[in-house]
Amino acid sequence: MVNSQDPRRAGRVAFTHPDFVSYTLARFFIVLSLEMLSVAVGWQVYEITHRPLDLGYVGLAQFLPGFALFLFAGHAADLFDRRRLLMWCYGGFALCSALLLLISWRAPKSVHLIYAVLALLGAVRSFNFPASRAILPQLVPEEHFANAVAWNSSIFQIATIAGPAIGGIVYAIFRGPNAVYAIAVTISILALAMTMRIKILTALCSQEPVSLRTVFAGFRFIWDKKLILGSISLDMFAVLLGGAVALLPVYAREILHTGPWGLGLLRSAPGIGAAVMAIAVAHRPIRRRAGMTMLLCVAGFGVFTIAFGISRSLILSLIALFLCGASDMVSVIIRATLIQIATPDEMRGRVNAVDMLFIGVSNELGEFESGFTAQWFGTVPAVILGGIGTLVVIGIWAWLFPELRKADQLTVAELAPQ
């Protein structure tokens with residue numbers, strides 16, 4: 001076992017806890033699986049319809065179930081055994097991958113069946129997200145929690161980098177999505193097997209009776225913490241308007257003239273940028289002026305989105321997406337830090353469920369917004385207008401939430417209701 005007092009090994013002290021290792025491997029496998037699916041589904045749908053709007057429906061199909069279920073999902077993560085909830089979710093992901101494989105075999109041109117499976121996938125994700133986040137503090141002692149969060153974030157980014165690249169290459173080699181879906185089934189089952197090995201250190205569950213008051217407690221908590229509300233809503237609207245991920249199949253095929261392998265590289269580029277930034281922040285933490293740092297980095301996200309929109313070079317597009325991911329990671333780290341230091345354990349499921357709603361609006365609903373605007377205005381104008389919209393949102397949020405401009409060291413005192 002690693003001696004946590006050894007300075008040479010203290011940086012990986014979280015891995016001295018076998019349950020954390022099992023959890024991290026399971027999460028790596030499931031994120032890898034979902035990222036592979038995202039590439040295969042996006043390319044397959046666009047290959048069938050050749051309409052950017054249908055790529056928007058891919059995001060909408062996943063968002064709507066999460067929007068309908070997030071309150072119940074967050075409460076479930078506080079009421080029930082989080083390990084068992086994760087096991088059900090990972091089994092659900094395996095089922096969704098198997099259904100996509102079956103559709104690809106039997107009805108390869110049926111976009112509507114694909115949307116139906118994506119809706120089921122969105123429902124599973126709505127329960128997975130709060131449970132996955134809320135269980136982490138139960139796997140390591142409090143003194144090792146920060147190290148566990150750092151490693152968990154880094155490994156998540158590795159999966160978001162590897163998944164799209166592997167998915168795109170496998171799609172190209174086997175000339176279709178079947179192999180991608182089959183691998184995703186296998187990986188999801190591996191994640192389920194690793195989760196079965198977890199033994200939770202503590203089993204803190206909410207003791208409050210189920211009521212509308214307890215279900216909506218996450219909303220009330222975030223509403224009282226204006227700094228948290230400002231940060232997660234800023235990130236939501238910025239990515240909602242500036243997200244170009246949904247249109248990457250169009251860019252890969254029609255503008256950059258590449259294939260599934262190129263799409264995989266484009267999908268991986270933001271993850272690489274995010275991983276590099278996460279490592280940089282781990283070595284040089286944001287100690288002062290965190291709010292202004294976040295605002296400037298979100299502005300950078302908008303600028304680099306515009307740069308991607310006007311690019312006609314694969315290399316320049318990859319660089320722009322790399323910088324988008326690096327900029328976005330700063331706001332992700334600050335938001336996660338705010339929620340982590342402010343939320344009591346018995347409410348983590350509900351608070352993370354609200355955060356999941358904001359993320360779902362920015363990601364999945366953002367994909368629909370991108371597809372819809374691309375259908376009306378064209379792909380390139382849609383991305384450029386989205387980047388401009390992000391810059392406008394920053395100005396408005398800096399005025400609406402002065403707490404964001406003034407946030408310095410992200411201490412508990414700064415989170416007190418104003």
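A. Representation of the overall build of the chain within the structure. On a plain count of helices and strands, the chain comes out with 16 helices and zero strands. Sequence-distant contacts in the chain: of pairs separated by 6 or more residues, those separated by 24 or more amount to 86%.

B. Expanded view of the nonpolar core. Ranked by internal contacts, the top residues of the largest apolar core, which has 74 residues, are Tyr23, Val41, Val45, Tyr90, Leu118 and Phe308. The element best represented in this core is helix α1 (residues 18-49), accounting for 15 residues. By size, the runner-up hydrophobic cluster in this structure holds 35 residues, among which are Leu227, Met294, Ile334 and Val393.

C. View of helix α15 (residues 379-400). For α15, which comprises 22 residues, the first-to-last C-alpha distance of 31 Å matches the rise-based estimate of 32 Å (1.5 Å per residue) to within 8%. When we look at burial in α15, the residues that qualify are Thr379, Val380, Ala382, Val383, Gly386, Gly387, Gly389, Thr390, Val393, Ile394, Trp397 and Ala398.

D. Highlighting the pattern of salt bridges. In this structure the tally under the stated criterion is four salt bridges. For arginine 267, the salt bridge identified is with glutamate 35, shortest N-O distance 4.0 Å. Taken together, the residues arginine 267 in helix α11 (residues 260-283) and glutamate 35 in helix α1 connect sequence positions 232 residues apart. Looking at glutamate 35, the relative accessible area reads 18%, which means it is buried.

E. Highlighting the environment of phenylalanine 20. With respect to the helices and strands, phenylalanine 20 occurs in helix α1. The class of phenylalanine 20 is buried, set by a relative accessible area of 0%. Setting aside its immediate chain neighbours within four residues, phenylalanine 20 contacts Ala14, Phe15, Leu136, Leu139, Val140, Ala148, Trp151 and Asn152.

F. Representation of the packing of aromatic side chains. Considering all chains together, one arrives at seven aromatic pairs under this definition. Between phenylalanine 237 and tryptophan 397, the aromatic rings sit 5.1 Å apart at their centres with planes inclined by 55°, giving tilted as the arrangement. Of this pair, phenylalanine 237 sits in helix α9 (residues 226-242) while tryptophan 397 sits in helix α15; the two residues are 160 residues apart in sequence, bridging distant segments of the chain. Taking the relative accessible area as the measure of exposure, phenylalanine 237 reaches 28% and is therefore partly exposed.

G. Structural detail: unusual backbone geometry. The backbone phi angle of arginine 175 is positive, close to 55°, even though this residue is not glycine. Along the chain, the position of arginine 175 falls in the loop between α5 (145-174) and α6 (178-196). The class for arginine 175 is exposed, based on a relative accessible area of 76%.

H. Region of the structure containing the packing of α1 against helix α2 (residues 52-79). Two numbers describe how α1 lies on α2: the axes approach to 9 Å, and their chain directions differ by 145°. The way α1 lies across α2 gives a crossing that is right-handed. The residues of α2 that touch α1, namely those facing Val41, Gly42, Val45, Tyr46 and Thr49, are Pro52, Asp54, Leu55 and Val58.

I. Examining the packing of helix α3 (residues 82-106) against helix α4 (residues 111-135) more closely. Orientation of α3 relative to α4, taken along the N-to-C sense of each, is 160°, at an axis distance of 9 Å. Considering their axes alone, α3 and α4 lie roughly antiparallel with respect to each other. Classified by chirality, the crossing of α4 by α3 is left-handed.

J. The arrangement of the confidence of the model for the chain in detail. Looking at the chain as a whole, the pLDDT averages 82, with 86% of positions reaching at least 70. Within the chain, the lowest mean pLDDT, 62, falls on helix α7 (residues 212-215), and the highest, 96, falls on α6.

K. The arrangement of a nonpolar patch on the surface in detail. A contiguous nonpolar surface patch, about 1000 Å² in accessible area, is contributed by Phe372, Trp376, Phe377, Leu385, Ile388, Val392, Ile396, Trp399 and Leu400. At the level of secondary structure, the elements contributing two or more residues to the nonpolar patch comprise α14 (348-377) and α15. If you tally residues by element for the nonpolar patch, the top one is α15, at six residues. Assignment of secondary structure puts valine 392 in helix α15. With a relative accessible area of 48%, valine 392 lands in the partly exposed category.

What counts and what doesn't
Residues numbered from 1 in each chain as written. Predicted model: local features only at pLDDT ≥ 70, side-chain atom pairs only at ≥ 80, totals over all residues. Heavy atoms only, no water. Helix = DSSP H or I, 4+ residues; strand = E, 2+ residues; numbered from the N terminus. Contact = heavy atoms within 4.5 Å. Core = buried A, V, L, I, M, F, W, Y, C linked by side-chain atoms within 4.5 Å. Buried < 20%, exposed > 50% of the residue type's maximum accessible area, 1.4 Å probe, protein only. Expected span 1.5 Å × (residues − 1). Salt bridge = Lys/Arg side-chain N within 4 Å of Asp/Glu carboxyl O. Phe/Tyr/Trp six-rings, centres within 6.5 Å; stacked < 30°, edge-to-face > 60°. Axes fitted to C-alpha atoms, helices over the stretch in contact; angles between N-to-C directions. Left-handed = near helix turned anticlockwise from the far one by under 90°. Parallel < 35°, antiparallel > 145°, perpendicular 65-115°, else oblique. pLDDT = per-residue confidence, 0-100. Patch = residues over 30% accessible without salt bridge, like charges linked within 9 Å, V, L, I, M, F, W, Y side chains within 5 Å. Areas by Shrake-Rupley, 256 points an atom, 1.4 Å probe, with all protein chains shown as cover.

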